[in-house]
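One-letter residues, chain by chain:
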Amino acid sequence: MREERRWIGLLSLSAGIIVALLICTGLISVQAGAQKTDNDQHLRVYNPYPPSILPSDLSSEIARVLREVDVIESRALARWRALKPPILTGQPPILQDTGTEATETLGELMLFDKNISPNRNQACASCHMPYAGFSGPIPSVNLTMVAFPGTVHFRAGKRTAQRHPYSPFFPVLQYNQVQGLFFGGNFFDSRATGYLLRIPDAEQAQGPPVDTQEMGFPDTACIAFRLSQAMYRPLFEEVWGKGSFDINFPHETARICATPGGAAVFGGSTRPIPLSPTDRTRANTVYDHWAQSIDSYEQSVQVSAFSSKFDAFLAGKYKLTADEMAGFQLFNGKGNCNSCHLDGRGTTLKPGQTDTSSAAMVNPLFTCFGSANEGLPLNPRDAFYYQTKPDSYGFTPNPYGFGYRDLGLGTFLRSGFGSGSSPNVSWRQYAPTVDGQMQVVTARDVALTPPQCPTTEAPGPYFQKGFFHNGYIKSLKQLVHFYNTRDKYAYPVTSGHCPPGTTEKVDCWPMPEVRNNIDMTSGNLGLTDEEENQIVKFLETLSDGFTRPYLNSDTFTGACMKGGSAATQGNELLIPTPPLPPCASAICGVAPVPGPKPIP
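Cut-off values and rules
Residues numbered from 1 in each chain as written. Predicted model: local features only at pLDDT ≥ 70, side-chain atom pairs only at ≥ 80, totals over all residues. Heavy atoms only, no water. Helix = DSSP H or I, 4+ residues; strand = E, 2+ residues; numbered from the N terminus. Rg over C-alpha atoms; globule rule 2.2 N^0.38 Å. Buried < 20%, exposed > 50% of the residue type's maximum accessible area, 1.4 Å probe, protein only. Areas by Shrake-Rupley, 256 points an atom, 1.4 Å probe, with all protein chains shown as cover. Lys, Arg positive; Asp, Glu negative; His and termini not counted. Charge placed at Lys NZ, Arg CZ, Asp CG, Glu CD. Contact = heavy atoms within 4.5 Å. Polar contact = N/O pair within 3.5 Å; in protein donor to acceptor, adjacent residues only side chain to side chain. Disulfide = S-S within 2.5 Å. Phe/Tyr/Trp six-rings, centres within 6.5 Å; stacked < 30°, edge-to-face > 60°. Lys NZ or Arg CZ within 6 Å of the ring centre and 35° of its normal.

(A) Summary view of the overall build of the chain. Per the secondary structure count, the chain includes 16 helices and eight strands. The globule rule puts the C-alpha radius of gyration for 600 residues at 25 Å, and the 23 Å found for the chain is close to it. When the backbone C-alpha atoms are referred to their principal axes, the chain occupies close to 70 × 55 × 50 Å. Within the chain, the proportion of its 600 residues that are buried is 59%. Carbon and sulfur atoms provide 56% of the accessible area of the chain, an area that totals close to 23,500 Å². If the 49 positive side-chain charges of the chain are averaged to one point and the 53 negative ones to another, these points end up 2 Å apart.

(B) Quick peek at the environment of Gln 534. The residue Gln 534 is located in helix α15 (residues 529–540) in this model. Residue Gln 534 is classed as buried on the basis of its relative accessible area, which comes to 11%. Residues Gln 534 and Gln 329, spaced 205 residues apart in sequence, show a C-alpha to C-alpha distance of 9.5 Å. The residues contacting Gln 534, other than those within four sequence positions of it, are Asp 323, Ala 326, Gly 327 and Leu 330. Separated by 3.4 Å, the side chains of Gln 534 and Asp 323 make a polar contact.

(C) Expanded view of the state of the cysteines. Overall, the coordinates contain four disulfides when judged by the stated rule. Between the sulfur atoms of Cys 222 and its disulfide mate Cys 257 the distance is 2.2 Å. With the S-S dihedral at roughly -90°, the linkage between Cys 222 and Cys 257 falls on the left-handed side. Placement of the pair is Cys 222 in helix α6 (residues 221–228) and Cys 257 in helix α8 (residues 253–257), with a sequence separation of 35 residues. Like Cys 222, the residue Cys 257 is buried in the burial classification. Cysteines bonded in the chain are numbered consecutively along the chain; their disulfide partners then correspond to 1-2, 3-6, 4-5, 7-8. Not part of a disulfide, Cys 337 finds its nearest cysteine sulfur in Cys 340, a span of 9.3 Å. Looking at the unpaired Cys 368, the closest cysteine sulfur is the one in Cys 340, lying at 4.8 Å.

(D) Representation of the packing of aromatic side chains within the structure. Under the defined criterion, the tally for this structure stands at 38 aromatic pairs. Relative to Phe 369, the ring of Phe 170 lies with its centre 4.9 Å away and its plane at 85°, an arrangement referred to as edge-to-face. Pair noted here: Phe 170 is in the loop between α4 (139–143) and β5 (174–176) and Phe 369 is in the loop between α11 (322–332) and β7 (371–372), with a separation of 199 residues, a long-range link. Phe 369 gets classed as partly exposed once you look at its relative accessible area, which sits at 21%. Note that Arg 444 overlies the ring of Tyr 166, its terminal NZ or CZ placed 5.2 Å from the centroid.

(E) Representation of the environment of Ile 223. Here Ile 223 is to be found in helix α6. Note: C-alpha distance between Ile 223 and Tyr 287 (64 residues apart in sequence) is 6.8 Å. For Ile 223, the contacting residues outside a window of four places in its chain are Ile 116, Pro 209, Val 210, Phe 217, Tyr 287 and Trp 290.

Have a look at this one:
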């Protein structure tokens, strides 16, 4: 049986490679149309975008990442095959000896499995590769369309690919009534609350497989169905039980699961597979175990490694350079970074002071687990704004076009468009107080890049990333400069319309997308250019892989970028924001409506 499943897995892998090669060679075009593959799957290309939104190398870069995904999946398969089976023993039952490694390896196999998508062409890792800190692995996408394309080429999401490391440590979303603030959850808008599994990171893992813009299954039961056919099914059953896949899938399941979510044929149903209540419960249990396994991998030392220069510094095994130490002191003082990205020490704000307190913890996570609106401008390069036409499946990703505004946590509390459903109606009243707020992500691994591209900063050689939720910022220099000068160089314009004589992101910051609840602990910090650069140097000490190699960071086979300046990185691809219609009523008209300022 195990040999049979191995051949099934190899056949699936071969089909994925064939598809990737067809895309790469142009036999499947990026223009509108459909091509039929030999397994009767349709790859219907969706391209509603004006020129320059999609990067010219998108198809070849997707194929590159899929090849890299295959390399890591093959390594994980080899590790599983060499793993001594754990011993089930005790009360409560424990997988003795190798239970931890078995669960983490299972999560890794799932994260890099392309078969967990209708067209078998999209893994979780397609948007989250190790060498980029488990964030977006395609520099040209980070530079242009911001959000990564999903199983339907080229539907795309609305935000940058968030990093996986240290996300398992975020607590269950809660409202602190004394502070009047929300803490915890996962995703930028905290919609993976952890209310059911009590692990926000696990609930986050349940989102992309059924997100119409990403891996795109129409039904969560499709994950159980594909896992039942996976080469590593024996490992799943070893960890979660032999009867895990005792589910009576109807004959049409394969066809349903090969059709992307949102297709008109489903009539809006999110459970098109007709399962009995018993089988639906079993499929849901498999999906929960999928999530818990991925969380185990993401929490493991393979992903959340605590192996940076800063960790070595805390252990007394590395001495920060003069610039790194200066940046650390600015991080805790004049820069006020530590007020949100907590490093386990105190924050001092008075000029001339430095933080002399001892480390309160030796594994600081550089986040407060809260949310904040930093006043980012709307980014007109975000592919989501242009997806206003139905694709060949009859699905329209964004019927509101540029009438969409990303209210972040506020939209989630209203169970609004582009977010998820809130499990707590009592939170809804607080939506206007958090409109525009996004999760304060950890600063760890913000600068992690492939070994051959040692920095995120021009002139490089560098690996292009997109920072913040909408990818508007293209370098850490710009990120620190934004915090430093947002209010000093504020202009009442949208991106691409800075006045003559100014340079966007240097001495002109367009107006915020959401003007309410802006965090005023930054915006006019008074940092010099040198001090900004020193903070960047300190942020680079938070990249894992210093005390021991960061696993699978060697898989990058793309090209580094060179030239230019970190201060103006990406500016050559700025485009003018079109005249913006009012915020759509389906977003800004949902009670309780945003205030006190209207959303423009």
